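# Analysis of the macromolecular model
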Amino acid sequence: MNLFNRLEAFELDVLKEVGNIGAGNAATALSRLLDKPVDMAVPKVSLLPFEEIAERVGGSEQIVIAVFLRVEGEAPGNMFFIIEEASAKRILRQLLAMNLESQESYSEMELSALCEIGNILAGSYLSSLADFTRLTMAPSVPSIAVDMAGAVLSYGLMQYGEMGDSALLIETTFLEDCQSLEGHFFLIPDPESFEKIFRALGVVIE
């Protein structure tokens, strides 16, 4: 099954709508959490091969902050919210108004704050997808790591075995004081789950 050759504009439009609704829900949830307005740009949504994920965040040796969740239910898979260090520090300073304790490392509180943002985003996007497909999908308790992008993805493979060969990428952008704070959200359904998701959307991929 080659998703990249078979998917038409309609199917990609459906995925974009999932991203739009998820972003709106995430912005609302973050606004409540932070007690301040949070704006999010219309996300860019695309499908890409699993092996290209690390390249989208700067390469396999790029140090990133990654929030990892397991998707459980009728269409299981893996979810990552990955941000580069520069964006993570700007999110902590600008979005969360935190004074960084160190420029070289992260305190437990700083990591907890980033983990909660990743958790809210993942939950919002997953809820949007579940509503569209009417499939039962729920996120596990999140974990967070600061490591090379390649090592982060390998961790997911070691924890849950073979991942699917395709990933749904939602490029998330927060808007704060005319500056953009970017993150990458990846949903990597298990090998059999993508077909379930698209079938639930009324798309048959032979």
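Residues numbered from 1 in each chain as written. Predicted model: local features only at pLDDT ≥ 70, side-chain atom pairs only at ≥ 80, totals over all residues. Heavy atoms only, no water.

With that out of the way, let us pick up the overall build of the chain. When its secondary structure is counted, the chain shows seven helices and eight strands. For the chain, the proportion of its 206 residues judged to be buried stands at 50%. Look at the contacts in the chain between residues 6 or more apart in sequence, and 72% of them connect residues 24 or more apart. Working note: accessible area of the chain is about 9,900 Å², and carbon and sulfur atoms make up 48% of it. (Helix = DSSP H or I, 4+ residues; strand = E, 2+ residues; numbered from the N terminus. Buried < 20%, exposed > 50% of the residue type's maximum accessible area, 1.4 Å probe, protein only. Contact = heavy atoms within 4.5 Å. Areas by Shrake-Rupley, 256 points an atom, 1.4 Å probe, with all protein chains shown as cover.)

Before going further, it helps to examine the nonpolar core. Counting 50 residues, the largest nonpolar core has I117 and F174 as its most contacted members. Among residues more than four places away in sequence, those in contact with I117 are L30, F81, I91, L95, L96 and F174. (Core = buried A, V, L, I, M, F, W, Y, C linked by side-chain atoms within 4.5 Å.)

So, about the pattern of salt bridges. Scanning all chains against the criterion turns up three salt bridges. With its nearest N and O atoms 4.0 Å apart, the salt bridge here joins E171 to R56. With E171 in strand β7 (residues 166–176) and R56 in helix α3 (residues 53–56), this residue pair connects regions lying 115 residues apart in the sequence. R199 serves as the salt-bridge partner of E195, at 2.8 Å between the closest nitrogen and oxygen. Of this pair, E195 and R199 both sit in helix α7 (residues 193–200), four residues apart, which is roughly one turn of the helix. (Salt bridge = Lys/Arg side-chain N within 4 Å of Asp/Glu carboxyl O.)

Take the pairing of strand β3 (residues 63–73) next. Of all eleven residues that make up β3, eight are buried, and the element is covered over most of its length. Pairing of β3 with strand β6 (residues 143–148) involves six bridges; the strand directions are antiparallel. Residue F68 lies in a different strand from β6, and its bridge partner there is S143. Looking at chain direction, β3 and strand β4 (residues 77–84) are connected through eight bridges and run antiparallel. Pairing of R70 across the sheet is with N78, part of β4. Hairpin geometry of β3 and β4 is characterised by an intervening segment of three residues between the two adjacent antiparallel strands. (Pairing = 2+ DSSP bridges.)

What follows covers a negative patch on the surface. A cluster of acidic residues, E51, E52, E55 and D165, forms a negative patch at the surface. By secondary structure assignment, the location of E55 is in helix α3. According to the relative accessible area criterion, E55 is exposed, its value standing at 55%. (Patch = residues over 30% accessible without salt bridge, like charges linked within 9 Å, V, L, I, M, F, W, Y side chains within 5 Å. Lys, Arg positive; Asp, Glu negative; His and termini not counted. Charge placed at Lys NZ, Arg CZ, Asp CG, Glu CD.)

What follows concerns the environment of L95. With respect to the helices and strands, L95 occurs in helix α4 (residues 85–95). Linking L95 and L175, residues 80 residues apart in sequence, is a C-alpha distance of 9.0 Å.

For the rest of this paragraph, the subject is the packing of α4 against helix α5 (residues 108–133). Relative to each other, α4 and α5 sit at 95°, their axes nearing to 11 Å. Considering their axes alone, α4 and α5 lie roughly perpendicular with respect to each other. Between α4 and α5, the contacting residues are A88, I91, L92 and L95 on the first element and E110, A113, L114 and I117 on the second. Across the contact of α4 with α5, the residue classes tally to seven nonpolar, no polar and one charged. (Axes fitted to C-alpha atoms, helices over the stretch in contact; angles between N-to-C directions. Parallel < 35°, antiparallel > 145°, perpendicular 65-115°, else oblique. Nonpolar A, V, L, I, M, F, W, Y, C, P; charged D, E, K, R; others polar.)

Moving on to the environment of A200. Structurally, A200 is set in helix α7. The sequence separation of A200 and A130 amounts to 70 residues, and the corresponding C-alpha distance is 9.8 Å. Every residue in contact with A200, bar those within four places of it in the chain, is listed here: T133 and L135.

This paragraph deals with a nonpolar patch on the surface. Together, I63, V146 and M148 make up a nonpolar patch on the protein surface, roughly 210 Å² of accessible area in all. Summarising the element assignment, V146 is placed in strand β6.

Let's shift gears to unusual backbone geometry. If you check the backbone angles, A97 has positive phi at about 55° while not being a glycine. Residue position: A97 is located in the loop between α4 and α5. Even without being a glycine, R134 presents a positive backbone phi close to 60°. Relative to the assigned elements, R134 resides in the loop between α5 and β5 (137–139). Exposure remark for R134: the relative accessible area of 77% places this residue in the exposed category.

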